[in-house]
Amino acid sequence: MSEAARAHDDDATTSVQGRSIRQLPKVSLHDHLDGGLRPATVLELGRAEGLDLPAATPETLADWFHAQSVSGSLVEYLKTFDLTIAVMQTEENLRRIAREFVEDLVADGVVCGEIRWAPEQHLTRGLSLDAAVAAVQAGIDEAVIAAGGRIRVGQLVSAMRQNDRGLEIAELALRHRDAGVVGFDIAGPEAGFPASRMSDAFDLLLSEGLPITVHAGEADGIESIRGAIVDGHALRLGHGVRIMEDIEVRDRGEGDVGLRLGRLAQWVKDRRMPLETSPSSNLDTQAFTGTRMDQHPLDLLFQVGFAVTINTDNRLMSRTTLSRELGRVVDAFGYGLDELLAFQLNAAEGAF
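Only a predicted model underlies this, so the values are computations on that prediction, with no experimental measurement involved.

A. Region of the structure containing the packing of helix 5 (residues 91–107) against helix 6 (residues 129–146). Relative to each other, helix 5 and helix 6 sit at 40 degrees, their axes nearing to 7 Å. Remark: the crossing between helix 5 and helix 6 carries right-handed chirality. Residues Glu91, Leu94, Arg95, Ala98, Arg99, Val102 and Glu103 of helix 5 form the contact with helix 6, whose own contacting residues are Ala131, Ala132, Ala135, Val136, Ala138, Gly139, Ile140, Glu142, Ala143 and Val144. Taken together, the residues of the contact of helix 5 with helix 6 break down into eleven nonpolar, one polar and five charged.

Here it is in structure tokens:
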């Protein structure tokens, strides 16, 4: 059994209505390259780079990543990305990590996936932006060929909100649009860094017809979502769970609950704008009010008619897979195959 298959072995027993979730075909829209490394790969490459590593075995390193991520401290959480990005600074390492990333998607039953990452964070060892994108694409291509074409994968090139390199990164995405790049994203600190800071980049991408998704409604509220749509020309919302702040829930007694959608929420719903929810990550980062998975707003949003999709965000940090995320929402909300199919169709329709 391959390492990728072993990593997903515990998901093979997760089933719904007698069907293994891992074996069901799935679509993944929100999955960060620097958040999806194998612990064993981080150890091997980190040792080769002479890095100060927080653990000595893949198992204990996986525990460290997860503990940092659920600590409730943003500072501690960000330390995990300092480590993964540190081993992603050469063409060889980027190629390998991208190849393994896709291998793990295949092992998880994903048939269509988008990989998002920020090339500007991978230049400390002399790589150019274009060389970094090409290295990741080479790894993707190797894995897709090895899988016999059972999966389609595209890159989402992200610009970091705080670095103000949006136009440069947008131009990078356009240069590689016929060589694996299928869309553009902005990531990083949401609060205080609105989409309007990169209006020139978004306007260029709109004029050139390259699809855009924006992290919004995770660490900031309704105005961030509004900015993603108005200034960012977003076709999808990265997470988007705080759209709930524009929905009034009215308890009319005896189990009768009514809803009133604000204009922004109604716009998102009516236009079937996909919400890239990531249940475990949203719970860990407190993107919604609640401490349990069954309090995640995705079920209410789904029942009302929003185009909800289920994603992993950062597989390593949340110690998860797409199959596991689907299993968790099955357990939390009692979903069956019909609901799992609806989530995949929403993702397929929204894929770039």
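After presenting the structure, the write-up continues.
B. Representation of the pattern of salt bridges. Across all of its chains, the model carries 26 salt bridges by this definition. The partner of Arg197 in a salt bridge is Asp164, and the shortest N-O contact between them spans 2.8 Å. Of this pair, Arg197 sits in the loop between strand 6 (181–187) and helix 8 (199–208) while Asp164 sits in the loop between strand 5 (152–160) and helix 7 (166–175), and the two are 33 residues apart along the sequence. According to the relative accessible area criterion, Asp164 is partly exposed, its value standing at 47%. Connected through salt bridges with shared partners, the residues Arg38, Glu44, Arg95, Arg96, Arg99, Glu100, Glu103, Asp104 and Glu142 form a single ionic network.

C. The arrangement of the packing of helix 7 against helix 8 in detail. In the contact formed by helix 7 and helix 8, the axes pass within 8 Å of each other and the chain directions differ by 20 degrees. Comparing their axes, helix 8 and helix 7 come out roughly parallel. By crossing handedness, the relation of helix 7 to helix 8 is classed as right-handed. Contacts from Gly166, Leu167, Ala170, Glu171 and Leu174 of helix 7 reach helix 8 at Asp200, Ala201, Leu204, Leu205 and Glu208. Tallied by class, the residues present in the contact of helix 7 with helix 8 amount to six nonpolar, one polar and three charged.

D. Structural view of the side chain of Arg96. With respect to the element layout, Arg96 can be found in helix 5. Within the structure, the side chain of Arg96 is placed 3.5 Å from the side chain of Thr41, a separation counted as a polar contact.

E. Expanded view of the packing of aromatic side chains. By the definition in use, this model includes seven aromatic pairs. On the basis of an interplanar angle of 75 degrees and a centroid distance of 5.0 Å, the ring pair of Trp64 and Phe65 is categorised as edge-to-face. Pair check on accessibility: Trp64 and Phe65 agree, each one buried. Each ring, one from Phe302 and one from Phe343, has its centre 4.7 Å from the other, and the planes form 45 degrees; the classification is tilted. With Phe302 in helix 12 (residues 298–304) and Phe343 in helix 14 (residues 337–350), this residue pair connects regions lying 41 residues apart in the sequence. No difference in accessibility class separates Phe302 from Phe343, as the two residues are buried. Put simply, the rings of Phe302, Phe333, Tyr335 and Phe343 pair up and form one aromatic cluster. Just above the ring of Phe352 sits the side chain of Arg236; from NZ or CZ to the centre is 4.0 Å.

What counts, and at which threshold
- Residues numbered from 1 in each chain as written.
- Predicted model: local features only at pLDDT ≥ 70, side-chain atom pairs only at ≥ 80, totals over all residues.
- Heavy atoms only, no water.
- Axes fitted to C-alpha atoms, helices over the stretch in contact; angles between N-to-C directions.
- Helix = DSSP H or I, 4+ residues; strand = E, 2+ residues; numbered from the N terminus.
- Left-handed = near helix turned anticlockwise from the far one by under 90°.
- Contact = heavy atoms within 4.5 Å.
- Nonpolar A, V, L, I, M, F, W, Y, C, P; charged D, E, K, R; others polar.
- Salt bridge = Lys/Arg side-chain N within 4 Å of Asp/Glu carboxyl O.
- Buried < 20%, exposed > 50% of the residue type's maximum accessible area, 1.4 Å probe, protein only.
- Parallel < 35°, antiparallel > 145°, perpendicular 65-115°, else oblique.
- Polar contact = N/O pair within 3.5 Å; in protein donor to acceptor, adjacent residues only side chain to side chain.
- Phe/Tyr/Trp six-rings, centres within 6.5 Å; stacked < 30°, edge-to-face > 60°.
- Lys NZ or Arg CZ within 6 Å of the ring centre and 35° of its normal.

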